[in-house]
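The lines below spell out each chain.
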Amino acid sequence: MNDQLIITPKTKVLQAIEAYPQLEDILISYVPAFEKLKNPVLRRTVAKIATLQQAAAIGNVKVEDLINRLRAEIGQDLFTQNDSHMYVTETPAWYSESLIAAELDARPMLAAGEHPVNQVMEDLKVLDNGKIYKLTAPFLPAPLIDKASSMNYAHWMKKEDDGSYTIYFIATQN
């Protein structure tokens with residue numbers, strides 16, 4: 001048994017499945033979008049940057065439930081967490097469809113094994129102040145939202161009827 005890696009919300013998905021290969025199937029059962037981790041390109045990109053906390057958000061499951069299921073599988077003590085990272089799901093005051101200046105549908109890129117994060121970050125950098133960027137993705141792109149948030153972009157996400165997500169970004173005033 002590998003006792004070096006303690007599973008926490010901040011653990012990277014790739015770290016967890018490399019240390020404990022048996023966790024991959026459990027992770028996929030909790031977060032079906034992670035079936036794509038079998039694709040070597042996505043394994044090297046998404047799994048390398050996504051944390052288990054983000055995986056829980058992508059799968060729309062409680063991070064505590066996911067962590068405890070993974071810990072139970074490898075014999076670690078159960079985990080409790082009080083602070084959970086929340087994604088904005090209520091329509092914000094800043095949203096107006098007329099302010100959408102750029103958009104990207106990431107589904108074709110992801111289907112081709114490409115990761116859209118660099119494209120989105122480049123697009124956000126050239127977005128005019130007060131304008132909105134619209135992103136469509138087949139799953140909640142939690143690492144991308146976290147990165148944009150760290151760069152002072154507010155977001156709003158909607159789960160669409162077809163299971164995809166639409167995320168709107170706008171620069172926040174510094």
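Values in this document were obtained by computation on a predicted structure and should not be read as measured data.

Draft legend 1. Just the overall build of the chain, in detail. Helix and strand counts for the chain stand at eight helices and four strands. The N-to-C order of helical and strand elements in the chain reads α-α-α-α-α-β-α-α-β-α-β-β. For 174 residues, the compact-globule estimate of 2.2 N^0.38 gives 16 Å, and the C-alpha radius of gyration of the chain, at 17 Å, lies within 12% of that figure. Summarising its shape, the C-alpha atoms of the chain cover approximately 55 × 35 × 30 Å along the three principal directions. By residue count, 47% of the 174 residues in the chain fall in the buried class. Restricting the contact set of the chain to residue pairs at least 6 apart, pairs at least 24 apart contribute 65%. The centroid of the 17 positive side-chain charges in the chain is displaced by 3 Å from the centroid of its 22 negative side-chain charges.

Draft legend 2. Spatial organisation of the pairing of strand β3 (residues 153-159). Along β3, five of the seven residues are buried, which leaves the element largely enclosed by surrounding structure. Taken together, the seven bridges between β3 and strand β4 (residues 165-171) define a ladder with antiparallel strand orientation. Considered in β4, the bridge of W156 is made with Y168. The hairpin formed by β3 and β4 contains five residues between the paired strands, and G163 there has a positive phi angle of roughly 95°.

Draft legend 3. Structural context of the UniProt feature "domain: DUF1858" (unreviewed entry) in the chain. UniProt marks residues 7-67 with the feature "domain: DUF1858" (unreviewed entry), using the numbering shown here. Strand forms 0% of residues 7-67 and helix 62%; the C-alpha atoms that close the span are 7 Å apart.

The rules behind these values
- Residues numbered from 1 in each chain as written.
- Predicted model: local features only at pLDDT ≥ 70, side-chain atom pairs only at ≥ 80, totals over all residues.
- Heavy atoms only, no water.
- Helix = DSSP H or I, 4+ residues; strand = E, 2+ residues; numbered from the N terminus.
- Rg over C-alpha atoms; globule rule 2.2 N^0.38 Å.
- Buried < 20%, exposed > 50% of the residue type's maximum accessible area, 1.4 Å probe, protein only.
- Contact = heavy atoms within 4.5 Å.
- Lys, Arg positive; Asp, Glu negative; His and termini not counted.
- Charge placed at Lys NZ, Arg CZ, Asp CG, Glu CD.
- Pairing = 2+ DSSP bridges.
- UniProt positions renumbered as here; feature names shortened; annotations may be inferred.

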